[in-house]
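Spelled out, the chains give:
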Amino acid sequence: MSLSAESLAKIDRELTKYPPEHRQAAVMSALRIVQAEQGWLSKDSITEVADYLRIPAIAALEVATFYNMYELEPVGKYKITVCTNISCMLRDSEEIVNHLEKKLGIGFNETTADGRFTLKEGECMGCCGGAPLFHINNTDMHEYLTPDKVDKILEGLDK
Amino acid sequence: MTGTQTLVCLRTVGQEDPASLATYVKLGGYAQLRRLVTEQVKATEIISQVKLSGLRGRGGAGFPTGLKWSFMPRYFDGTKYLVCNTDEGEPGTFKDRDIIRYNPHQLIEGMAIAAYTLGARVGYNYIHGEIWQDYEIFEAALDEARQAGYLGENLFGTSFNFDLYAVHGYGAYICGEETALIESIEGKKGQPRFKPPFPASYGVFGKPTNVNNTESYTSIPWIMEHGGQAFQELGVANSGGTKIFSISGHVEKPGNYEVNMGISFVELLTLAGGVWKGRQLKAVIPGGPSTAVLPASAIIGATMDYDGLSKAGSSLGAGSMIVMDETTCMVKTLKRLSYFFFEESCGQCTPCREGTGWIYRVIKRIVDGQGKLEDLDLLTDVSSNISGRTICALGDAAATPVLSFIKQFRPEFEYYIQHGRSMVEDGVVVQEVAYA
């Protein structure tokens, strides 16, 4: 899959933040942009990003494998990442995890058969005042969760 | 003042459209930047006010900000950089998020003042990966500031130039460490650098760089407006100014509370609505898991400032107060924290990479009912052998909860090992609880 013109335009905007001789600095945002478009990062996509930034493919792969929010395998249309760290744990994130597992019929790092949902366990997201919480597709944060609220959020998602 | 809060960094909270430029300007925003730049106030004068203010690094290390600023080389033939650390990933820390989503312009003004003072031409604000919506709010604020002439070239008709950009992290606790953060800005794995050289001589792209926490920069415009002395007087000796405490866990009203340094623990807990469900206080981690846990009896009489928490046996850290009630199992809580440090160790230093995994496996074994009493000494031994033997402070951070949990709650760990289940869940109380 080739990078779309839209993604390239977004990557170009990121490049303006750095000196022209430091194109590598844009690799994190470039990988994020490509993942947002394609759902995950294939080896081919990572190589294309590297080529575009004129850096070795291994330099981009190294970044993609180091940071938790990049997906190196396909995930569902909606990736739900639940924080279970201490502040969320104290506010019963376990109840939210159990509810999601039961409702979706999957555990952590699994995807529903229809390809709609993937469940992930996350580390601290820096929003602990709103615990328990999860984010969807790395972008949409949902706080102060209860099982009822989880149901409403899932019902509100497009098919 | 809101209740007993003193809003310096969260000045726009409660205003309509708090993140907008119009709101900030209405409250006197950007007037200090304009004054300093147009009157060509000397860098030495600005730094001496910051020193006088008693402002210490709000990211957790507590290093005096004015002193840090004085480390930047005055004359350098090339670009100097300014970096803001909004990569708060220490569990229980969520204060900088509220600054960028409710009061982004005060951070921008604070950074611009620092850039003017230190001669930095370009700045980056590195924002925690999981808070995308807040990153977008900050990006929008940057656009507004550029259009209004507070960022860019020849600001206020002078020769002062400053460009500021937002950088988005993507899920790595280690990038809160300043040299890992710099590596990440450069588009690399977030592995901390050996120090020295410090960022002031070799930072972003190898150039002199000043790195401060979000709350530190955001305090600067207030200090410039009211003077360093006034800021110092908001707090107590060795802890000038206000501090945002992020309060999470077992309280009625979790959230951020900006208060004068030196507030009593009880007063702060009361602001957050007290312990939830009418339960008793068991323990508090006062500054995030890299600071030692305190039993209720040790923190109940403490004041919330650098010296006060040090006297109580812990430290202020980033002011991330995690409150635990009487139903909390300390063994299971430590297991979760240990997993976090294991997961987030960058893998560069052997003691941390191997030690954090070892610690996690031993605690998991205890929780699974397979523990031995010798495990407690083993845990202490492994933790002590990580501490002080790594490039960065993550190793010490991983050791602190293990050492402090076992020290403060040893009977609970022994009970778990002997019975194969939690003392708390068995309803056995041996730990004195002090606060109702």
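For the structure, check the block above.
Quick look at the structure, then. Please read these numbers as outputs of a predicted model, since none were measured by experiment.

## Some points on the interface of chain B and chain A
Interface size is commonly expressed as the accessible surface area that is lost when the partners come together. With 59 residues of chain B at the interface, the matching set in chain A holds 42 residues. Buried surface at the junction of chain B and chain A, both sides included, amounts to about 4,200 Å², of which 56% is carbon and sulfur. Counting the surface chain B buries against chain A, the share from its top three residues, Glu130, Tyr170 and Arg336 of chain B, is 21%. Linking chain B with chain A are 5 salt bridges, by the criterion used here.

## Some words on the environment of phenylalanine 341 of chain B
Residue and element names in this part refer to chain B. Mapped onto the elements of the fold, phenylalanine 341 is located in helix α14 (residues 330–344). Phenylalanine 341 sits 51 residues away from serine 290 along the chain, and the two C-alpha atoms are 9.9 Å apart. Excluding residues within four positions of it along the chain, phenylalanine 341 makes contact with Tyr173, Pro289, Thr356, Leu394, Ala397, Ala398 and Pro401.

## Details of helix α9 (residues 214–226) of chain B
Residue and element names in this part refer to chain B. The axis of α9 is deflected most strongly, by about 25 degrees, at isoleucine 220, and proline proline 221 appears within four residues downstream. In terms of residue burial, α9 counts as a mostly covered element, since 11 of its 13 residues are buried. Every buried residue of α9 is listed here: Thr214, Glu215, Ser216, Tyr217, Thr218, Ser219, Ile220, Pro221, Trp222, Ile223 and Met224. Put simply, asparagine 213 is the residue that caps the front of α9, since its side-chain oxygen is 2.8 Å from the backbone nitrogen of glutamate 215. After α9 finishes, the residue glycine 227 shows a positive phi value of roughly 95 degrees.

## Describing unusual backbone geometry
Cis peptide bonds are those with omega within 30 degrees of zero, and the linkage from alanine 131 of chain A to proline 132 of chain A qualifies with -5 degrees. The topology assignment puts proline 132 of chain A in the loop between β3 (117–122) and β4 (134–136). Between proline 196 of chain B and proline 197 of chain B the backbone carries a cis peptide bond, its omega angle lying at 5 degrees. Even without being glycine, glutamine 40 of chain B reaches a positive phi, approximately 50 degrees. Classification of glutamine 40 of chain B by relative accessible area gives partly exposed; the value is 48%. One non-glycine residue with positive phi stands out, namely asparagine 154 of chain B, at about 50 degrees. Secondary-structure assignment places asparagine 154 of chain B in the loop between α7 (132–147) and β3 (163–168).

## Topic: the sheet that holds strand β2 (residues 110–111) of chain A
All names here are of chain A. Within the open sheet, the 5 strands sit side by side as β2-β3-β1-β4-β5. Their pairing is mixed. On the outer flanks of this sheet lie β2 and β5 (140–142), each paired with one strand and no other. Pairing analysis gives 2 bridges linking β2 to β3, with the strands arranged antiparallel. Across the sheet, residue glutamate 110 finds its bridge partner in β3, namely leucine 119.

What counts, and where the lines are drawn
- Residues numbered from 1 in each chain as written.
- Chains lettered and ligands numbered in written order.
- Predicted model: local features only at pLDDT ≥ 70, side-chain atom pairs only at ≥ 80, totals over all residues.
- Heavy atoms only, no water.
- Contact = heavy atoms within 4.5 Å.
- Buried area = accessible area lost by both parts, 1.4 Å probe.
- Salt bridge = Lys/Arg side-chain N within 4 Å of Asp/Glu carboxyl O.
- Helix = DSSP H or I, 4+ residues; strand = E, 2+ residues; numbered from the N terminus.
- Bend = angle between axes of the 7 residues up to and from the residue.
- Buried < 20%, exposed > 50% of the residue type's maximum accessible area, 1.4 Å probe, protein only.
- Polar contact = N/O pair within 3.5 Å; in protein donor to acceptor, adjacent residues only side chain to side chain.
- Pairing = 2+ DSSP bridges.

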